[in-house]
Amino acid sequence: AQRALVLVAEPGAGKTTRVPPALAPDGPVIVLQPRRAAARAIARRIAAERGWTVGEDVGWHVRGERRFSPRTRVLLATEGILTARLQADPLLSEFRTVVLDEFHERTVHADLGLALARQAWLARHDLRLVVMSATLDAGPVSAFLSGCPLVQVPGRQFPIDVRYLPGVPLADASRQALE
């Protein structure tokens, strides 16, 4: 059985809010979320969708702010927090699954997080690793994770019509767009 996966899906496909809670029945999930505001908003969204309690079932740990408990099933954490947790506990023994979300943003912390999470994944036969992105060139990441499966979820793309209307009042431009 494969314990790693690279998931590429269109924005809005539900990667961030649906995948981590779906993995939580097998054990706690830590989700790397690059931005603090996004970590908090996503935790609230997961709670609303699942009927979970923020700070109990789902929570966040960002610089200067913790909102989780020992019973938290899905914990959203920023890159620095994930790195610090991996340094303090290199096997991430509190978690069953590590999800690196928005991996296409590729920061030094995200890359370090992946490298350290991979070390834990190699050392623990029960740890799962999921890398998610909307725009990632997933082949090299899959290769880095021992050729793990790559799942590409097709999404619906809608045509976008961009018009520049300099000098047109906002109300008139809005009416034109609605027509």
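For the structure itself, look to the data block above.
Everything in this summary refers to the structure shown in the same document. (Residues numbered from 1 in each chain as written. Predicted model: local features only at pLDDT ≥ 70, side-chain atom pairs only at ≥ 80, totals over all residues. Heavy atoms only, no water.)

Re the sheet that holds strand E4 (residues 65-67)
Within the open sheet, the eight strands sit side by side as E4-E3-E5-E2-E6-E7-E1-E8. Their pairing is mixed. The sheet is open, and its two borders are formed by E4 and strand E8 (150-153), each paired with just one other strand. In this sheet, neighbouring strand axes are inclined to one another by 20° on average, regardless of whether the strands run parallel or antiparallel. Two strands pair when backbone bridges link them, and strand E6 (residues 97-100) and strand E7 (residues 128-133) are joined in this way by four bridges, in the parallel orientation. Its bridge partner being in E7, Thr97 is matched across the sheet by Arg128. Each of strand E1 (4-9), strand E2 (29-32), strand E5 (74-77), E6 and E7 is contacted by helix H1 (residues 15-23), which is oriented at about 170° to E7, the strand it contacts most. Taken strand by strand, helix H3 (residues 79-88) contacts E2, strand E3 (58-62) and E5, and its axis lies near 135° from that of E2. (Pairing = 2+ DSSP bridges. Helix = DSSP H or I, 4+ residues; strand = E, 2+ residues; numbered from the N terminus. Axes fitted to C-alpha atoms, helices over the stretch in contact; angles between N-to-C directions. Contact = heavy atoms within 4.5 Å.)

Structural notes on the nonpolar core
Core analysis: the biggest nonpolar cluster contains 28 residues, and Val6, Leu129, Val131 and Leu145 have the highest contact counts within it. Of all elements in the fold, only E1, E2, E5, H3, E6, helix H4 (108-123), E7 and helix H5 (138-144) reach the threshold of two or more residues within this core. For this core, the element with the most residues is H4, which contributes five residues. What Val6 contacts, discounting residues up to four positions off in sequence, is Val131, Leu136, Ala138, Val141, Ser142, Leu145, Cys148, Pro149, Leu150 and Val151. Core analysis: the second largest hydrophobic core is formed by 20 residues, Ile42, Ile46, Leu76 and Val130 among them. (Core = buried A, V, L, I, M, F, W, Y, C linked by side-chain atoms within 4.5 Å. Buried < 20%, exposed > 50% of the residue type's maximum accessible area, 1.4 Å probe, protein only.)

Section: the packing of aromatic side chains
A full pass over the atoms with the stated rule returns zero aromatic pairs. Taking NZ or CZ as reference, Arg73 lies 4.2 Å from the ring centre of Trp52, over its face. Directly above the ring of Phe144 sits Arg118, whose terminal nitrogen or CZ lies 4.5 Å from the centroid. (Phe/Tyr/Trp six-rings, centres within 6.5 Å; stacked < 30°, edge-to-face > 60°. Lys NZ or Arg CZ within 6 Å of the ring centre and 35° of its normal.)

A short note on the environment of Thr53
Inspection of the secondary structure assignment puts Thr53 in the loop between helix H2 (36-50) and E3. Residue class for Thr53 comes out partly exposed when judged on its relative accessible area of 43%. In this structure, the C-alpha to C-alpha distance between Thr53 and Leu122, residues 69 residues apart in sequence, is 33 Å.

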